[in-house]
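Architecture and fold: a report
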Amino acid sequence: PLSQAAALAAGSTLRRLDLHECHCGADGAAALAEALTSGVALVSLDLSDNNIGDKSGLGSSGVSADAAVEALARCLRSSASLRELDLRLNGFDAVHLEELAAAAREGDGKRREPIELRL
């Protein structure tokens, strides 16, 4: 996932990315979220079942679940192109789920359409 994040940040024209069950953990999720805040035109991202949350059982090598959720929330608020984000089966706690849902609702005014967030 870190190499996919680098490709996205380099100006990829990719529109949909399915990383379901790729074990990217909090590290990969945070890197992908940061890449998406840099103007990438990705429309759909599936990060389901990737052990991102605290209760998922597998840790990441340096990024906490809290930091990954913060990066994902920034992405949800700022991405003008993202329309679908699947984060199911990641072991998020209630606080993380609420933070992500609030970010999807809020946006920053750039978005014309709501984001379909699957938790």
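Let me begin by describing the structure that accompanies this report.

Rules used in this analysis
- Residues numbered from 1 in each chain as written.
- Predicted model: local features only at pLDDT ≥ 70, side-chain atom pairs only at ≥ 80, totals over all residues.
- Heavy atoms only, no water.
- Helix = DSSP H or I, 4+ residues; strand = E, 2+ residues; numbered from the N terminus.
- Buried < 20%, exposed > 50% of the residue type's maximum accessible area, 1.4 Å probe, protein only.
- Contact = heavy atoms within 4.5 Å.
- Pairing = 2+ DSSP bridges.
- Axes fitted to C-alpha atoms, helices over the stretch in contact; angles between N-to-C directions.
- Salt bridge = Lys/Arg side-chain N within 4 Å of Asp/Glu carboxyl O.
- Expected span 1.5 Å × (residues − 1).
- Parallel < 35°, antiparallel > 145°, perpendicular 65-115°, else oblique.
- Left-handed = near helix turned anticlockwise from the far one by under 90°.
- Nonpolar A, V, L, I, M, F, W, Y, C, P; charged D, E, K, R; others polar.

**Some words on the overall build of the protein**
A count of helices and strands for the protein gives four helices and four strands. In the protein, the order of α-helices and β-strands from amino to carboxyl end is α-β-α-β-α-β-α-β. Put simply, the protein has 119 residues, and 45% of those count as buried. Residue pairs at least 24 apart in sequence account for 83% of intrachain contacts in the protein once pairs closer than 6 positions are excluded.

**Focus: the sheet that holds strand β4 (residues 116-118)**
Strand order in this open sheet of four strands is β1-β2-β3-β4, and the pairing throughout is parallel. Here the strands that pair on one side only, and so sit at the sheet edges, are β1 (16-18) and β4. Across the sheet, the mean angle separating the axes of adjacent strands is 5 degrees when strand polarity is ignored. In this structure, β1 lies alongside strand β2 (residues 44-46), joined through three bridges in parallel fashion. Paired with D18 across the two strands is D46, which belongs to β2.

**Digging into the pattern of salt bridges**
The tally for this structure, following the rule as stated, stands at seven salt bridges. In this structure, the salt-bridge partner of E84 is R16, at a minimum N-O distance of 3.8 Å. Pair noted here: E84 is in strand β3 (residues 84-86) and R16 is in strand β1, with a separation of 68 residues, a long-range link. Of the charged contacts in the structure, one is a salt bridge between R77 and E106, with a shortest N-O distance of 2.9 Å. Of this pair, R77 sits in helix α3 (residues 65-78) while E106 sits in helix α4 (residues 94-106), placing them 29 residues apart in sequence. Among the residues examined, E106 registers a relative accessible area of 49% and is labelled partly exposed. Bridged by salt links that share partners, the residues D86, R88, E116 and R118 form one connected network.

**Points about the environment of E99**
Relative to the assigned elements, E99 resides in helix α4. According to the relative accessible area criterion, E99 is partly exposed, its value standing at 26%. Along the sequence, E99 and V69 sit 30 residues apart, while their C-alpha atoms lie 7.7 Å from each other. Residues contacting E99, with those up to four places away along its chain left out, are V69, E70 and A73.

**Here's the deal with α3**
One full turn of an α-helix is made of 3.6 residues, so residues set three or four places apart face in the same direction. Between the first and last C-alpha of α3 there are 20 Å, a value that for 14 residues agrees with the 20 Å anticipated at 1.5 Å per step. Where α3 is buried, its residues meet α2 (25-36), β3, α4 and β4.

**Let's talk about the packing of α3 against α4**
For the pair α3 and α4, interaxial distance at closest approach is 7 Å and the crossing angle is 15 degrees. One finds that α3 runs roughly parallel with respect to α4. In terms of crossing hand, the pair formed by α3 and α4 is right-handed. Residues A65, D66, V69, E70, L72, A73, L76 and R77 of α3 form the contact with α4, whose own contacting residues are H96, E99, L100, A103, A104 and E106. Here the residues of the contact of α3 with α4 are counted per class, giving eight nonpolar, one polar and five charged.

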